[in-house]
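An overview of the molecular structure
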Amino acid sequence: MAKLDVEEGAAGAPGHPPANGYLLVPGGEPPGKLSAEPQNGPKAGCLTLNGVSRDSLAAAVQALDRPRTPLAPEEETQTRLLPGGPGEETPGAEGARVPQTALSARRFVVLLIFSLYSLVNAFQWIQYSIISNVFRDFYRVSFLHIDWLSMVYMLAYVPLIFPATWLLDTRGLRLTALLGSGLNCLGAWVKCGSVQQHLFWVTMLGQCLCSVAQVFILGLPSRIASVWFGPKEVSTACATAVLGNQLGTAVGFLLPPVLVPNTQNNTDLLECNISTMFYGTSSIATFLCLLTVIAFKEKPPYPPSQAQAVLQNSPPAEYSYKKSIRNLFKNIPFVLLLITYGIMTGAFYSVSTLLNQMILIHYEGEEVNAGRIGLTLVVAGMVGSILCGLWLDHTKTYNFFMTGYLPLGFEFAVEITYPESEGTSSGLLNASAQIFGILFTLAQGKLTSDYGPRAGNIFLCIWMFLGIILTALIKSDLKRHNINIGIANGDIKAVPVEDSPTDQESKTMMMSKQSESAI
């Protein structure tokens, strides 16, 4: 059997220094690392600084008194970011190593598994609402009760997102994926025991479990894309991961009206049809849960990009979840994105929940066509998601799109908040969407029942227009993209790694005052 963790296009091979012979070190560290250890050869016992012996220090002192020559922009752009894997030392720089990056073939398996169990979770979200009249009559409850089977997904997300993102940041990707897939499977099986008219509370319990599973699912697309995929495919990977959820919503619009037609005059047949849908869903969810246990790994052997390598090599003690939350809310572009993402996605949640009721007001008995309308709505968004992902991988023009807003919002948030956790930023975006979704669903539902679907749709259009205006105000500072293409910032210095005369002179010019005092 072929091994999945195959490296593709490994970068930073041993013995191959970066372009122009430069490595980047954090700005807070001195450019040189002092060492008093004896050196082999005739210079044994000499003090060394970045491989420079005592005989070279006099020239360094003279160089410090001369005007310092800044690096050319192209030299800064081509610098590397961090040490690499073991044994990959670059000649001429003691302790400096070239970063090792590679792409694992397993990344496609991880992405596929996640997309599929995310699909099943989204299917379970909308399977009641698209045939709300059927379930209302079967369980003998009101439309509002059926609406809450959808809104419980939104309600559960808001309080649970903070512990869920903390778990993702501290315990990792695999555990979060196992919880999402496992709870999704458990909720599906609980629903199988609710196919009796007096057991609405059981179906609500199963839906609550699925809604908790969603908390461990919606925040993962950007994290999976960043941890497993290279810089030229990360936006497409995120769009594909979100695509699974959108596809689940599309299937949720299409299949329930077909599997559970409106046969209120034959309760036994209706129970049989509902059981078929519930047992089929639970069987697929179980299979995908097993696949997650077997094949879903925490991370690839090597980071897929320089930006991810920087994060993986950061000391764990430096990370603070509370500080990360504070940093995100101090980021004005992210706050604007938080509001606009909530408005746009919340409007979609509201329309999806109330679509059956809006259609049947004018076209009674057209449950199947209502599902097809919902399918069309989602498929258009899916096409937009993929096209946006492909376009963004090449252009990074995040402000130019309104379609495919789900993957766009996730990736844009990661770009403008780097190096903050992808799970935290995407989790907050989803929390905003859930809050707006609940408010929009309640408001639009009330307007629809009292004044008709037109009033509810006008209400949503006004809010979406506001979202478009706020989107245009977001400043596009693509921090992660800049790291991946090697643009240096104020926290990064360039330190040459070659010992040629030109590089030696550059080395002496880059010495800090701390190095001078040590001399």
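Computed from a predicted model, the values in this text were never measured in an experiment. (Residues numbered from 1 in each chain as written. Predicted model: local features only at pLDDT ≥ 70, side-chain atom pairs only at ≥ 80, totals over all residues. Heavy atoms only, no water.)

Description of the overall build of the protein chain
What the protein chain contains, in helices and strands, is 20 helices and six strands. Counting every position in the protein chain, which comprises 519 residues, the buried fraction comes to 52%. Long-range contacts, defined here as pairs at least 24 residues apart, represent 80% of the contacts in the protein chain between residues at least 6 apart. For the protein chain, the exposed surface amounts to about 22,900 Å²; the carbon and sulfur share of it is 64%. (Helix = DSSP H or I, 4+ residues; strand = E, 2+ residues; numbered from the N terminus. Buried < 20%, exposed > 50% of the residue type's maximum accessible area, 1.4 Å probe, protein only. Contact = heavy atoms within 4.5 Å. Areas by Shrake-Rupley, 256 points an atom, 1.4 Å probe, with all protein chains shown as cover.)

Here's the deal with the packing of aromatic side chains
Under the definition given, this model contains 14 aromatic pairs. Taken together, a centroid distance of 5.5 Å and an interplanar angle of 70° make the contact between Trp 125 and Tyr 349 edge-to-face. Taken together, the residues Trp 125 in helix 3 (residues 106-126) and Tyr 349 in helix 13 (residues 332-362) connect sequence positions 224 residues apart. As far as the burial class goes, Trp 125 and Tyr 349 line up, both buried. (Phe/Tyr/Trp six-rings, centres within 6.5 Å; stacked < 30°, edge-to-face > 60°.)

Things to note about helix 10 (residues 267-295)
The end-to-end C-alpha distance of helix 10 is 42 Å, a good match for the 42 Å that 29 residues give at a rise of 1.5 Å each. Along helix 10, the residues that are buried comprise Leu 270, Asn 273, Ile 274, Met 277, Phe 278, Thr 281, Ser 282, Ala 285, Leu 288, Cys 289, Thr 292 and Ala 295. In this structure, the buried residues of helix 10 make contact with helix 3, helix 4 (132-139), helix 6 (173-192), helix 7 (200-215) and helix 9 (234-259). (Expected span 1.5 Å × (residues − 1).)

What to know about the UniProt feature "transmembrane region" (unreviewed entry) in the protein chain
UniProt tags residues 108-128, 148-168, 198-222, 276-296, 332-351, 371-392, 427-443 and 455-474 as "transmembrane region" (unreviewed entry). Within the segment residues 198-222, helix and strand shares are 76% and 0% respectively, and the terminal C-alpha atoms sit 41 Å apart. Within the segment residues 427-443, helix and strand shares are 100% and 0% respectively, and the terminal C-alpha atoms sit 24 Å apart. (UniProt positions renumbered as here; feature names shortened; annotations may be inferred.)

Description of the nonpolar core
One recurring pattern in soluble globular proteins is that nonpolar side chains are buried together. Within the largest apolar cluster, 62 residues are counted, with the highest numbers of intra-cluster contacts made by Phe 135, Ile 274, Phe 278 and Phe 334. When sequence neighbours within four positions are dropped, the list of residues in contact with Phe 278 reads Gln 127, Tyr 128, Phe 135, Tyr 139, Ala 188, Lys 191, Cys 192, Ser 194, Val 195 and Thr 203. (Core = buried A, V, L, I, M, F, W, Y, C linked by side-chain atoms within 4.5 Å.)

Brief notes about the side chain of Thr 263
Turning to its location among the elements, Thr 263 is positioned in the loop between helix 9 and helix 10. Every residue in contact with Thr 263, bar those within four places of it in the chain, is listed here: Leu 269, Leu 270 and Asn 273.

A short note on unusual backbone geometry
Trans peptide bonds make up most of the peptide bonds, and negative phi angles are found at most residues other than glycine. In this structure, Arg 140 takes a positive phi of about 60° despite not being glycine. Within the secondary structure layout, Arg 140 lies in the loop between helix 4 and helix 5 (143-171).

Details of helix 6
The end-to-end C-alpha separation of helix 6 is 29 Å, in line with the 28 Å expected for 20 residues at 1.5 Å each. Where helix 6 is buried, its residues touch helix 3, helix 5, helix 7, helix 8 (220-228) and helix 10.

What to know about the pattern of salt bridges
Pairs may arise between side chains of opposite charge once their charged atoms sit close together. Under the definition given, this model contains four salt bridges. For the salt bridge of Arg 107 with Glu 233, the shortest nitrogen-to-oxygen distance reads 3.0 Å. In this pair, Arg 107 is assigned in helix 3 and Glu 233 in the loop between helix 8 and helix 9, connecting sequence segments 126 residues apart. For Arg 107, a relative accessible area of 3% translates into the label buried. (Salt bridge = Lys/Arg side-chain N within 4 Å of Asp/Glu carboxyl O.)

What to know about the confidence of the model for the protein chain
Residue-level pLDDT values for the protein chain average 74, and 65% of them are 70 or greater. Overall, residues 11-58 carries pLDDT values under 50, and its contacts beyond four positions in sequence, including any with other chains, amount to 100 contacts. (pLDDT = per-residue confidence, 0-100.)

Some points on the packing of helix 6 against helix 7
Axis separation between helix 6 and helix 7 bottoms out at 8 Å; the angle between their running directions is 170°. Our classification of the angle between helix 6 and helix 7 gives roughly antiparallel. Contacts from Gly 180, Leu 183, Asn 184, Leu 186, Gly 187, Ala 188, Val 190 and Lys 191 of helix 6 reach helix 7 at Val 202, Thr 203, Leu 205, Gly 206, Gln 207, Leu 209, Cys 210, Val 212 and Ala 213. Here the residues of the contact of helix 6 with helix 7 sort into 10 nonpolar, six polar and one charged. (Axes fitted to C-alpha atoms, helices over the stretch in contact; angles between N-to-C directions. Parallel < 35°, antiparallel > 145°, perpendicular 65-115°, else oblique. Nonpolar A, V, L, I, M, F, W, Y, C, P; charged D, E, K, R; others polar.)

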